[in-house]
Amino acid sequence: MPTHALAHRLFPSAEAASEALAAEIADLIRSRAAENRSAVFGLATGSTPLRLYAELIHLHRAQGLSFTNVVTYNLDEYLGLPRGHPESYWQFMHFNLFDHIDMRPENIHLPDGSTAEEDLASYCEAYEQSIREAGGIDLQILGIGHNGHIGFNEPGSQSDLRTHVAELSEMTIRNAAQSFGGAEHVPGRALTMGVRTILDARRIVLLAFGESKAEIVRRALTEEISPDLPATYVGAHPDASFYLDQAAAP
Ligand code: F6R
């Protein structure tokens, strides 16, 4: 496996990193709007992008940044959760971003966790097809799991997968247990964009904040590209960067 030289940008705080990324997103939205074109973003859930989403809402309210030309594709969703479930990523995204901006509902895409078992393969293909028809993802935002996962591409995930059904690792289930009221209530599987889907984005920014991420960030930035640590795959992308706060910096 090749080694890589992943770029990273160090910010004084998570707020500063989130503001910088929000400004970059706003620039792309405005320049595309001026050309009557859409801007396509790949989005993540979890605690890390919350400040980014808050900043985007702020730009909408304070500067009138419009999201009417924005198309979004979320990375993942728990399998077996209907969209109305309080822990669904659908709810998370609406609560933390979409309900507060002027996105067109038809431009919002998240994998549907209530897809029937027999339809999963065609559903995953349709999600990929939809991304292609939108013109591909301009900017993919990622977080990083403590085990190095990106989306729900857990350690062991191969680099050639597109949107697929993934098994959650024990660590991921343990981390989600509290919000689900016990590990036994956490779905064991998820729909997730694959590494190939992620690497097809024209630009990738992986956000990592806080001391608890420092060790996995250090490994992702220094170790060879390997399925053992899926975040290393980001190093194979020509325009990818880690945005870190001081605490997460290696
Ligand atoms: C969420 C996702 C996950 C998270 C990762 C970090 O859509 O794809 O890979 O980005 O688990 O989660 P937080 O930000 O909560 O530490």
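Counting restarts for each chain: residues are numbered from 1 in the order of the written sequence. Since the coordinates come from a predicted model, pLDDT governs what is reported: local features require at least 70, and pairs of side-chain atoms require 80 or more to be given and counted, while whole-chain, interface and lining totals use all residues. Each side-chain value is derived from all of the structure's non-hydrogen atoms; neither hydrogens nor water enter the calculation.

A. Main features of the nonpolar core. For this analysis, a nonpolar core means a set of buried residues of the types Ala, Val, Leu, Ile, Met, Phe, Trp, Tyr and Cys, connected via side-chain atoms within 4.5 Å. To sort residues, take the accessible area from a 1.4 Å probe on protein chains only and compare it with the maximum for the residue type: under 20% means buried, over 50% means exposed, and anything in between is partly exposed. Leu21, Ile25, Leu52, Tyr78, Leu97 and Phe98 are the most contacted members of the largest nonpolar core, which totals 44 residues. Sorting the residues of this core by element identifies helix H1 (14–34), strand S2 (39–43), helix H2 (50–63), helix H3 (89–96), strand S6 (139–142), helix H5 (170–180) and strand S9 (203–208) as the ones contributing at least two each. Those residues in contact with isoleucine 25 that lie beyond four places of it in its chain are Phe41, Leu52, Leu56, Leu139 and Ile141. Judged by nonpolar contacts, the second largest core, of 33 residues, contains Met193, Leu199, Val217 and Val234. Strands here mean DSSP runs of E at least two residues long; helices mean DSSP runs of H or I at least four residues long; both are numbered from the N terminus. In this description, contact between two residues means that some pair of their heavy atoms is separated by no more than 4.5 Å.

B. Representation of the site of the ligand. Around the ligand, a shell composed of 13 residues is seen, among which Thr45, Thr48, Asp76, His149 and Lys213 lie nearest. Here a polar contact is recorded for every N or O atom pair within 3.5 Å, except that within protein the pair must consist of a potential hydrogen donor and a potential acceptor, and residues adjacent in sequence are included only if both atoms are side-chain atoms. Here serine 47 contributes a backbone N or O atom positioned 2.9 Å from an oxygen atom of the ligand. Within the side chain of lysine 213, an N or O atom sits 2.6 Å from an oxygen atom of the ligand. Method for areas: the Shrake-Rupley scheme with a 1.4 Å probe, in which residue coverage is limited to the protein chains shown. Notes on the ligand: free accessible area 410 Å², of which the protein chains cover 85%. Here a residue is near a molecule or strand as soon as one of its heavy atoms is found within 4 Å of it.

C. Examining the packing of aromatic side chains more closely. Stacked, tilted and edge-to-face are the three classes assigned to paired rings of Phe, Tyr and Trp, where Trp is represented by its six-membered ring and a pair needs centres within 6.5 Å; plane angles under 30 degrees give stacked, over 60 edge-to-face, the rest tilted. Counted under the stated rule, the structure contains six aromatic pairs. For the ring pair tyrosine 78 and tyrosine 89, a centre distance of 4.9 Å and an interplane angle of 50° mean the geometry is tilted. Taken together, the residues tyrosine 78 in strand S4 (residues 76–78) and tyrosine 89 in helix H3 connect sequence positions 11 residues apart. Both residues of the pair, tyrosine 78 and tyrosine 89, belong to the buried class. Ring centres 6.2 Å apart and planes at 5° place the aromatic pair tyrosine 89 and phenylalanine 152 in the stacked group. Here tyrosine 89, found in helix H3, pairs with phenylalanine 152, found in the loop between S6 and strand S7 (164–167); they are 63 residues apart in sequence, far enough to count as distant. Phenylalanine 152 matches tyrosine 89 in its accessibility class, with the two residues each being buried. Put simply, the rings of Tyr78, Tyr89, Phe152 and Phe180 pair up and form one aromatic cluster.

Note that all results are geometric; they support no functional claim without further evidence.
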